[in-house]
Amino acid sequence: MSLTHPSPNFGERRGGQRPELVVIHYTAMASAAAALERLCDPTAEVSAHYLIDTDGTAFSLVAEDARAWHAGAGAWGGRSDVNSRSIGIELANLGAEPFAERQMAGLERLLADVMTRWALPPQAVIGHSDMAPDRKGDPGIRFDWRRLALQGLSVWPETVEAGGSGDFYTQARRFGYPDVGADAVLTAFRLRFRPWAEGPLDETDAALMADLARRFSVDAGAAQA
Ligand SMILES: [Zn+2]
């Protein structure tokens, strides 16, 4: 089910930019009702295009062609002002609990629609933690990125032989991560792709990142466009 619940917190996309990314968030609030109130409160100055409740209900808050205020400082693919070039989707979740099955199904329906509407490839769907590794941790360790990737709604690194994969940070920048230091990027990378991994950077991190950079690099995307 989809409902309209307009938020006053939006503006024009700057420089005529169009959505080329989708940024996934969790609300870190106790209920969808509380999150809706905040995302529509003019004094809060935050919003998103969509909020998805735990039962799968999608609330449309800001029109897709407008600039919602969800991303904040950060960058992806070497470019900042992510708000001007993305669609923001909030999931009602405190951050430490599993995402409900009906909520994930609702997200998948919405992502499929948005990606068709704006002709977005799977690598366009990223987490808030990806574009702001030094500030943000959502959608967090409980979010099932692999499930999305299996449906072509995001990407997942293939298991590759470790070694000979190049410098982790260089490959991370090619994939899209911002220039915030290798430690912060490793944390964000593992949060999304290796949540069970511990300890210092290892060969598997480097090999998986090299695979992402090889198949989905920002440069390659631009060259194909
Ligand atoms: Zn967020």
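The model shown is predicted, which means the values in this text are computed figures rather than measured ones.

Participant: So what about the sheet that holds strand β4 (residues 50-52)? Which residues, and what values?
Facilitator: Taken together, six strands build an open sheet; the order of strands is β1-β5-β4-β7-β3-β8 and the sheet is mixed. Of all the strands in the sheet, just β1 (2-4) and β8 (125-127) have a single pairing partner and so form its edges. Strand-to-strand, the axes of this sheet are offset by a mean angle of 25°, without reference to chain direction.

Participant: With reference to specific residues and values, describe helix α5 (residues 168-175).
Facilitator: Within α5 the residues assigned to the buried category are F168, Y169, Q171, A172 and F175. Seen end-on, α5 carries its buried residues on one side only, within an arc spanning 160°.

Participant: Go over the environment of L111, please, and point to the residues and values.
Facilitator: You can see L111 is positioned in helix α2 (residues 101-117). A relative accessible area of 0% means that L111 is categorised as buried. Sequence-wise, L111 and R13 are 98 residues apart; in three dimensions their C-alpha atoms are separated by 20 Å. Contacts of L111, omitting those with residues within four sequence positions, involve V22, I24, I89, V125, L148 and L153.

Participant: Break down the coordination of the zinc ion for me, citing the residues and quoting the values.
Facilitator: Geometry reference: four tetrahedral donors at a metal, ideal angle 109.5 degrees. Six octahedral donors, ideal angles 90 or 180 degrees. For the zinc ion, the protein coordination sphere consists of H25 (ND1), H128 (ND1) and D138 (OD), at 2.1 Å. Positions of the donor residues of the zinc ion along the chain correspond to the pattern H-x102-H-x9-D. Of the two residues, H25 sits in strand β3 (residues 21-26) while H128 sits in helix α3 (residues 128-131), which places them 103 residues apart along the sequence. Comparing H25 with H128 shows no difference in burial state: the two are buried.

Participant: If you had to explain the nonpolar core to someone new, which residues and values would you point to?
Facilitator: Among the nonpolar cores identified, the biggest contains 24 residues, and M131, F175, Y177, F189, M209 and L212 are the most heavily contacted of them. Put simply, the parts of the chain that give this core at least two residues each are β3, α5, α6 (182-193) and α7 (203-216). Those residues in contact with F175, other than ones at most four positions away along the chain, are W76, V155, F193, M209, L212, A213, F216, S217 and V218. In terms of nonpolar packing, the next biggest core, distinct from the first, is built from 23 residues, L110, V114, L120 and F143 among them.

Participant: Lay out the packing of α5 against α7 with the relevant residues and their values.
Facilitator: Between α5 and α7, whose axes approach to 8 Å, the crossing angle comes to 30°. Compared by their axis directions, α5 and α7 come out roughly parallel. Crossing angle aside, the handedness with which α5 passes α7 is left-handed. Contact with α5, carried on its side by F168, Q171, A172, R174 and F175, involves D205, A206, M209, A210, L212, A213, R214 and F216 of α7 and no other residues of that element. For the contact of α5 with α7, the residue count by class is nine nonpolar, one polar and three charged.

Participant: How would you sum up the pairing of β3? Please name residues and give values.
Facilitator: Each regular strand displays side chains that alternate between the two surfaces of the sheet. Taking burial as the measure, the six residues of β3 include five buried ones, the bulk of the element. For β3 and strand β7 (residues 86-91), the ladder comprises six bridges, and the chain directions are parallel. Following the sheet pairing, V22 is matched in β7 by I87. Here β3 pairs with β8 via three bridges, running parallel. Paired with I24 across the strands is G127, a residue of β8.

Participant: Quick one: what's the story with the side chain of S217, residue by residue and with numbers?
Facilitator: By the element assignment, S217 lies in the loop between α7 and α8 (218-224). Classification of S217 by relative accessible area gives buried; the value is 3%. Beyond its immediate stretch of four places on either side in the chain, S217 contacts R174, F175 and L212.

Definitions and limits used
- Residues numbered from 1 in each chain as written.
- Predicted model: local features only at pLDDT ≥ 70, side-chain atom pairs only at ≥ 80, totals over all residues.
- Heavy atoms only, no water.
- Pairing = 2+ DSSP bridges.
- Helix = DSSP H or I, 4+ residues; strand = E, 2+ residues; numbered from the N terminus.
- Axes fitted to C-alpha atoms, helices over the stretch in contact; angles between N-to-C directions.
- Buried < 20%, exposed > 50% of the residue type's maximum accessible area, 1.4 Å probe, protein only.
- Arc of directions from axis to C-beta.
- Contact = heavy atoms within 4.5 Å.
- Donors = N, O, S within 2.8 Å, 3.2 Å for Na, K, Ca; no water.
- Core = buried A, V, L, I, M, F, W, Y, C linked by side-chain atoms within 4.5 Å.
- Parallel < 35°, antiparallel > 145°, perpendicular 65-115°, else oblique.
- Left-handed = near helix turned anticlockwise from the far one by under 90°.
- Nonpolar A, V, L, I, M, F, W, Y, C, P; charged D, E, K, R; others polar.

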